[in-house]
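Summary of structural features
The primary structure of each chain is shown beneath.
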Amino acid sequence: MFEKLEKVLMPLAEAIGNNKYLVSIRDGFLISTPLLIAGSIFLVIANLPFPGFSDWIASIPIADGTLATYLSKPSDATFSLMAIFATFGIAYSYARQINSDSLFCAAAALMAWFLIMPYTVTGSVEVGGEAVDVALSGIPLGWVGAKGIFVGIFSAFGATAIYTWVKNRGWVIKMPAGVPPTVTESFSSLIPITVTMFIFFVINVVFGLFGTNVFDIVFTFLQTPLLGLGDTLGAMIVAYLFLHAFWFFGINGGSVVGAVFNPILQTLAAENLEFFRTGVGEGHIICQQFQDLFATFGGCGSTLSLLIAMILFCKSARIKQLSRLAFIPGVFNINEPIVFGLPIVMNPVIIIPFVLVPTLNIIISYFAMDWGIVPICSGVQIPWTMPLGISGLLATNWVGGVLQILLLIMGVFVYLPFIKTIDNQYLHDEQLAAEAAANEPEEDDIDLDNLSFDDL
């Protein structure tokens, strides 16, 4: 059975791991991660869960605003602009994958993305006591935020491909020797960028002739259905079944599955944040924070529960020593020591709870949020190394932290019968090794004083 499964999963993991587009999306989003976490720090400060705190910071005047106004600016400069960072990062990463000019390709992608964007900001003003709808020229924050991510992905790949195609055909301006390299690179990119601009200009005109634009079409017919599919319990369970199946064979399942699923989760998280900040749109149970903070504790397989079971109930010297070494990293969601040290990889005994515990965590957390027992995640970016309890508190409220602890305890008892089976086997092996060592005949000591080489 495992051999057949390996034959299916190994080529799939290799195909995904070698796919330049998926790798570029994964690495491109990583560029925005530190920015979003930094912005989240200010957002958490501005929304500390203390009675009257929000009203207090809103009452402190600073210049033309309040302390609350200024505390919201870092999140506006990160979350509200995350599609810009994603577009730049994906184009930069893809250009490196195909050995092109990464910086100029990233710049070309941003240019192309802004070129096809509708520069119209709609709103309403009060005229004579009545609200009147108006449309002003400007860059809509919605399109440079979560709503514009998918168009940004297409622009990144399209602009980079066009730029590289033109550059590889030698359609460049060549400068004479002695010109500084930066000037040479700038002029050599002129024609590729101009061709890229012209193609995206034509795309914008064509869509405009039909009374629409690329952003509206992609958001309506692609992004919304994909987010709707990703925002389901079934999609989350299937993704995690594949993720842990890859880990069983020693493949980093988070990287493989995340390359496909994480862009959807991150977009859902951005929409959650917008919903909590402005009330616009709707909140989603499934999002990046739901995956990071409620599906697993201690890393893939929710192995922090396993470590606690090992520490409290196991007796073999091998498991006790391993649990002591792996516990502190596990608290901070780093579990390679236990995955490869126990091992979990290619271990048919432990694979059952390794898959079952995260699945139970996902199902219980989903319905706890769906029934209103625990609030949905606010979209605030919490570092993945944040210990449980604290992370649940920051992402939802104190009830989320309590849910994490209860799920951790449940996982201990799910893992317990399986790890005890392994522990008993290790105890048996250690006992046999001790008996074999005790039964070995003692070697005679060599008397160096009477050692002679005369007979040699």
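Here the residue index of a chain counts from 1 through its sequence in written order. Confidence filtering applies because this is a predicted model: local features only for residues at pLDDT of at least 70, side-chain atom pairs given and counted only at 80 or more, and all residues used for totals across whole chains, interfaces and linings. Based on all heavy atoms of the structure, the side-chain values leave hydrogens and waters out of the count.

Bringing the overall build of the chain into the picture now. Helical segments are the DSSP runs of H or I of at least four residues, strand segments are the runs of E of at least two, and each set is numbered from the N terminus. For the chain, the helix and strand inventory stands at 20 helices and four strands. Note on contacts: a residue pair is in contact if any heavy atoms of the two residues lie within 4.5 Å. Contacts in the chain between residues at least 24 apart in sequence constitute 71% of all its contacts with a sequence separation of at least 6. Roughly 23,400 Å² of accessible area belongs to the chain as shown, and the carbon and sulfur atoms make up 67% of that amount. Surface accessibility in these figures is a Shrake-Rupley result with a 1.4 Å probe; residues are shielded only by whichever protein chains are displayed.

Let us now look at the environment of Asn-18. Along the polypeptide, Asn-18 turns up in the loop between helix 1 (2–17) and helix 2 (20–46). Note on classification: 1.4 Å probe, protein chains only; a residue is buried when its accessible area is under 20% of the maximum for its type, exposed when over 50%, partly exposed between these limits. Overall, Asn-18 belongs to the exposed group, its relative accessible area being 55%. Along the chain, Asn-18 and Val-256 lie 238 residues apart, while their C-alpha atoms are 9.9 Å from each other.

Turning our attention to the layout of surface pockets. If you add up the space inside the largest pocket, you get close to 1,100 Å³. Whether a set of points on the 1 Å grid over the protein atoms alone is a cavity depends on a 1.4 Å probe fitting there but being unable to get out, while an open set qualifies as a pocket with protein on both sides within 12 Å along at least five of seven lines; lining residues are those with an atom within 4 Å of a point. Asn-262, Gln-288, Gln-291, Asp-292 and Trp-384 are, among the 38 residues lining the largest pocket, the residues nearest its centre. Contributions of two or more residues to the lining of the largest pocket are made by helix 2, helix 12 (233–248), helix 13 (253–278) and helix 14 (288–295). Ranked by the residues each element gives to the lining of the largest pocket, the list is headed by helix 2, at eight residues. Grid points are joined across faces, edges and corners, and a volume is the space filled by probe spheres set on the points.

Here Thr-296 shows up in the loop between helix 14 and helix 15 (303–313). Judged by relative accessible area, which is 12%, Thr-296 ranks as buried. With residues near it in sequence (within four places) discarded, Thr-296 still touches Tyr-240, His-244, Gln-291, Gly-301, Ser-302, Pro-358 and Asn-361.

Another aspect to go through is the nonpolar core. Nine residue types can take part in a nonpolar core, namely buried Ala, Val, Leu, Ile, Met, Phe, Trp, Tyr and Cys, and a core is a set of them joined through side-chain atoms within 4.5 Å. Ranked by internal contacts, the top residues of the largest apolar core, which has 104 residues, are Trp-113, Phe-290, Leu-306, Met-310, Ile-338, Leu-342 and Ile-419. In this view, Leu-342 contacts Leu-306, Met-310, Arg-318, Ile-319, Leu-322, Pro-337, Ile-350, Ile-419 and Tyr-426; residues no more than four positions away in its chain are not counted.

Whether two aromatic rings pair depends on their centres lying within 6.5 Å, for rings of Phe, Tyr and Trp, where Trp uses its six-membered ring; planes under 30 degrees apart make the pair stacked, over 60 edge-to-face, and the rest tilted. For the coordinates displayed, the defined rule picks out 13 aromatic pairs. Throughout this description, the term charge over a ring refers to an Arg CZ or Lys NZ atom that lies within 6 Å of the ring centre and within 35 degrees of the ring normal. Lys-147 extends its terminal NZ or CZ atom over the ring of Trp-143, reaching a point 4.4 Å from the ring centre. Between the NZ or CZ atom of Lys-147 and the centre of the ring of Phe-219, over which it lies, the distance is 5.1 Å.

Moving on to helix 6 (residues 102–115). Each residue after the first adds 1.5 Å to the expected span of a helix. Taking 1.5 Å as the rise per residue, helix 6 with 14 residues should run 20 Å; its terminal C-alpha atoms sit 20 Å apart, in good agreement. With respect to burial, helix 6 is a largely interior element, ten of its 14 residues being buried. Three or more residues of helix 6 are buried, namely Ser-102, Cys-105, Ala-106, Ala-108, Ala-109, Leu-110, Met-111, Ala-112, Trp-113 and Phe-114. Buried positions along helix 6 lie against helix 5 (82–97), helix 7 (141–144), helix 8 (149–168), helix 10 (190–209) and helix 11 (214–230).

What follows deals with the pattern of salt bridges. The rule for a salt bridge is simple: a side-chain nitrogen of Lys or Arg has to be within 4 Å of a carboxyl oxygen of Asp or Glu. Per the stated rule, a full pass over the model turns up three salt bridges. Where Asp-27 meets Arg-26, a salt bridge forms, and the shortest distance between an N and an O atom there is 3.1 Å. Residue Arg-26 is classed as partly exposed on the basis of its relative accessible area, which comes to 31%. One salt bridge in this structure joins Asp-101 and Lys-167, with 2.3 Å as the shortest N-O distance. Linking Asp-101 in the loop between helix 5 and helix 6 with Lys-167 in helix 8, this pair joins segments that are 66 residues apart in sequence. The exposure class assigned to Lys-167 is partly exposed, which follows from its relative accessible area of 23%.

Here we come to a nonpolar patch on the surface. On the surface, Ile-311, Leu-312, Phe-313, Leu-393, Trp-398, Val-402, Ile-405, Leu-406, Ile-409 and Phe-413 cluster together into a nonpolar patch covering about 970 Å² of accessible area. For the nonpolar patch, the elements supplying multiple residues, two or more each, are helix 15 and helix 20 (398–439). The biggest single contributor to the nonpolar patch is helix 20, with six residues. Within the element layout of this structure, Leu-406 appears in helix 20. We classify Leu-406 as exposed; its relative accessible area is 52%. For patch detection, residues must exceed 30% relative accessible area and be free of salt bridges, and they are connected within 9 Å for like charges or within 5 Å for nonpolar side chains (Val, Leu, Ile, Met, Phe, Trp, Tyr).

Turning our eyes to something else, we now look at the environment of His-284. Mapping His-284 onto the fold places it in the loop between helix 13 and helix 14. Once the C-alpha coordinates of His-284 and Gly-379 are considered, the two residues, 95 residues apart in sequence, prove to be 9.4 Å apart. Setting aside residues up to four positions removed in sequence, His-284 forms contacts with Asp-231, Leu-268, Glu-271, Asn-272 and Ile-376. A distance of 2.9 Å separates a polar atom in the side chain of His-284 from a polar atom in the side chain of Asp-231. In the analysis that follows, any N or O atom pair within 3.5 Å is treated as a polar contact, provided that within protein one partner can donate a hydrogen and the other can accept it, and provided that, for residues neighboring in sequence, both atoms belong to side chains.

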